[in-house]
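Chain by chain, the residues run as shown.
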Amino acid sequence: MSPASISNQDHRATDRYQCGYVALIGKPNTGKSTLMNALIGEKLSITAHRPQTTRHQIIGIKTTDRYQCVFVDTPGIHQDQKKAINRYMNRAATSVLDDVDLICVLLDVANFNQDDEQILKSLKPYSRVILVLNKMDRVSKQALLPRIERISKVLPDRDIIPVSALNRENLDYLMEQIQQYLPQGIPLYPDDQLTDKPMRFIVAEIIREKLFRRLTAELPYALTVNVEHYKVEPDLVRISASIWVERKSQKGIIIGQGGRMLKTIGSEARRDIEALVDNKVYLQLWVKVREDWSDDERSLAAFGYSAE
Ligand SMILES: Nc1nc2c(ncn2[C@@H]2O[C@H](COP(=O)(O)OP(=O)(O)OP(=O)(O)O)[C@@H](O)[C@H]2O)c(=O)[nH]1
Ligand SMILES: [Mg+2]
């Protein structure tokens, strides 16, 4: 496209520009964060094959010459509310519903169950809802239709759009549908801004992603990451972060034999952070214990899990 044709279509200064908020909600592990990253074209929100990866609301901003779409990625809504952190996560997911222009509910086409049905039923009062049937790469075309029929019985009269966030299938069509719900308005964020989260937060999340992907069983749920120092020097970014766990025995597992596990986590995280900040990174990691932090409101607040 020539620069002239770009400016011809640029609606930013006109009253035809659209700007709005779109929530991505759903059961854990349905691909909300993968979808947001794919739609924005940047990895802003961490992903993992296990449920309950996302813990906070994370905004991802997509700006074009016709619209600015502010996505809100949310933690997966789950029934187990035993601990304070679970209640925090569910609150972070459901508190957005009344403040957005469109709710996109993510469903995993290969794993639709009662938990999804419950979420869909709770959305009956909302009319601005699109059902995004993700992971269509995991089922045959013939299997898709009966599933769409079953889903549309639970929450009728809403568009159901099959996509594959992982393979970027049907995302242009999804974006066209989303755009129809964006109200007219001027952009809320500068063109080049991708998220509202500070770099320290994104760095802590990258480290947590590596831990989530490497560690097994319950350990990923017993840890949180806090970046204590983030200093930009001329040729280097110096970062120091703490990994907080709930028990002394967990600390040993994260450090690993001869410190091997911590070293692996550190170099995997460093590589991603270097790509993000486009600079060399010196990353120091510490493992610390705070007993039962995930069920203690004061610890949660200290680690950044405060009211959203
Ligand atoms: N096959 C396939 N896998 C996908 C697709 N989208 C996401 N995934 C995988 O599903 C898993 C979960 O993805 P996430 O994006 O972390 O899911 P989420 O809904 O954000 O999960 P929570 O944050 O835990 O609620 C990851 O292993 C992704 O690679 C898809 O379209 N097809
Ligand atoms: Mg997520």
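Note: the structure precedes this text.
These figures come from a predicted structure and were not determined experimentally.

### Comments concerning the coordination of the magnesium ion (ligand 2)
Point 1. Donor atoms from the polypeptide that coordinate the magnesium ion (ligand 2) comprise Ser33 (OG) and Thr54 (OG1), at 1.9 to 2.1 Å from the metal. One end of the pair, serine 33, is in helix H2 (residues 32–40); the other, threonine 54, is in the loop between H2 and strand S2 (58–63), with 21 residues separating them in the sequence.
Point 2. Residue serine 33 is classed as buried on the basis of its relative accessible area of 8%.

### Description of the site of ligand 1
Point 1. Taken together, 22 residues surround ligand 1, and among them Lys32, Thr34, Gln52, Thr53 and Asp137 come closest.
Point 2. Lysine 32 places a polar side-chain atom, nitrogen or oxygen, 2.7 Å from an oxygen atom of ligand 1.
Point 3. Between an oxygen atom of ligand 1 and a side-chain N or O atom of serine 33, the distance comes to 2.9 Å.
Point 4. Applying the majority rule of atoms within 2 Å of the grid points places ligand 1 in the largest pocket.

### Regarding the packing of aromatic side chains
Remark: the centre distance and the inter-plane angle together describe each pair of aromatic rings, the angle taken between the planes.
Point 1. Applying the stated criterion to the full structure yields five aromatic pairs.
Point 2. Geometrically, the ring pair formed by tyrosine 88 and tyrosine 305 is edge-to-face, given 5.5 Å between the ring centres and 90° between the ring planes. One end of the pair, tyrosine 88, is in helix H3 (residues 84–94); the other, tyrosine 305, is in the segment after helix H10 (297–302), with 217 residues separating them in the sequence.
Point 3. Where tryptophan 244 meets phenylalanine 303, the ring centres are 5.1 Å apart and the plane angle is 40°; that geometry is what we call tilted. Here tryptophan 244 is found in strand S8 (residues 236–245), whereas its partner phenylalanine 303 is found in the segment after H10, with 59 residues between them in sequence.
Point 4. The exposure class of tryptophan 244 is buried, given its relative accessible area of 13%.
Point 5. Phenylalanine 303 sits in the buried class, given a relative accessible area of 9%.
Point 6. Put simply, the rings of Tyr88, Trp244, Trp293, Phe303 and Tyr305 touch in pairs and so form one group of aromatic residues.

### Re the packing of helix H7 (residues 199–214) against helix H9 (residues 260–277)
Point 1. The interhelical angle for the contact between H7 and H9, taken along N-to-C directions, is 140°, at an axis separation of 9 Å. When the axes of H7 and H9 are compared, the pair comes out oblique. Between H7 and H9 lies a crossing whose hand is right-handed. Across the interface between the two elements, Met199, Ile202, Val203, Ile206, Ile207, Glu209, Lys210, Leu211 and Arg214 from H7 touch Met261, Thr264, Ile265, Glu268, Ala269, Asp272, Ile273, Leu276 and Val277 from H9.

### Observations regarding the pattern of salt bridges
Pairing of side chains with opposite charge becomes possible as their charged atoms draw close.
Point 1. As enumerated under the stated definition, the model contains 16 salt bridges in all.
Point 2. The salt bridge partner of lysine 135 is aspartate 108, with a shortest N-O separation of 3.4 Å. One end of the pair, lysine 135, is in the loop between strand S5 (129–134) and helix H5 (141–154); the other, aspartate 108, is in strand S4 (residues 102–108), with 27 residues separating them in the sequence.
Point 3. Classification of lysine 135 as buried rests on a relative accessible area of 17%.
Point 4. Residue classification places aspartate 108 among the buried positions, given a relative accessible area of 4%.
Point 5. Look at the salt bridges and you will find they share partners, linking Lys43, Glu209, Lys210, Arg213 and Asp272 into a network.

What counts and how
Once a new chain begins, its residue numbering starts again from 1 and follows that chain's sequence as written. Chain letters and ligand numbers both follow the written order, the letters beginning at A and the numbers at 1. Only residues with pLDDT of 70 or above have their local features reported here, since the model is predicted, and side-chain atom pairs are shown and tallied only from 80 upward, although totals for entire chains, interfaces and linings are computed over all residues. The side-chain numbers reported here are obtained from all heavy atoms of the structure, hydrogens and water having been left aside. The rule for donors is simple: N, O or S, within 2.8 Å of the metal, or within 3.2 Å if the metal is Na, K or Ca. Water isn't counted, so a site may look like it is missing partners. Helix and strand definitions follow DSSP, with helices as H or I runs of at least four residues and strands as E runs of at least two, each counted in order from the N terminus. Relative accessibility under 20% of the residue-type maximum defines a buried residue, over 50% an exposed one, and the middle range a partly exposed one, all with a 1.4 Å probe and only protein chains included. Proximity is defined per residue: any heavy atom of the residue falling within 4 Å of a molecule or strand makes that residue near it. Nitrogen and oxygen atoms within 3.5 Å of one another constitute a polar contact, given that in protein one can donate a hydrogen and the other can accept it, and given that sequence-neighbouring residues count only through two side-chain atoms. Grid points spaced at 1 Å and placed over the protein atoms alone form the basis of the search, with a cavity being a set where a 1.4 Å probe fits but cannot get out and a pocket an open set showing protein on both sides within 12 Å along at least five of seven lines. Lining residues have an atom within 4 Å of a point. To decide whether a molecule occupies a pocket or cavity, check its atoms: if more than half lie within 2 Å of the grid points, it is inside. Centres within 6.5 Å are what make two rings of Phe, Tyr or Trp a pair, Trp counting through its six-membered ring; a difference in plane orientation under 30 degrees is then read as stacked, over 60 as edge-to-face, and the rest as tilted. Comment: axis = line fitted to C-alpha atoms, over the contacting stretch for helices; angle = value between 0 and 180 degrees taken between N-to-C directions. Geometric relationships in this document are graded by angle, where less than 35 degrees denotes roughly parallel, more than 145 denotes roughly antiparallel, 65 to 115 denotes roughly perpendicular, and other angles denote oblique. The hand of a helix crossing depends on one turn: near helix anticlockwise from the far one by less than a right angle means left-handed, and clockwise means right-handed. Note on definitions: a residue-residue contact is assigned when non-hydrogen atoms from the two residues lie within 4.5 Å. When a carboxyl oxygen of Asp or Glu lies within 4 Å of a side-chain nitrogen of Lys or Arg, that pair is called a salt bridge.

Fair warning: the whole summary comes from geometry, so function is off the table for now.
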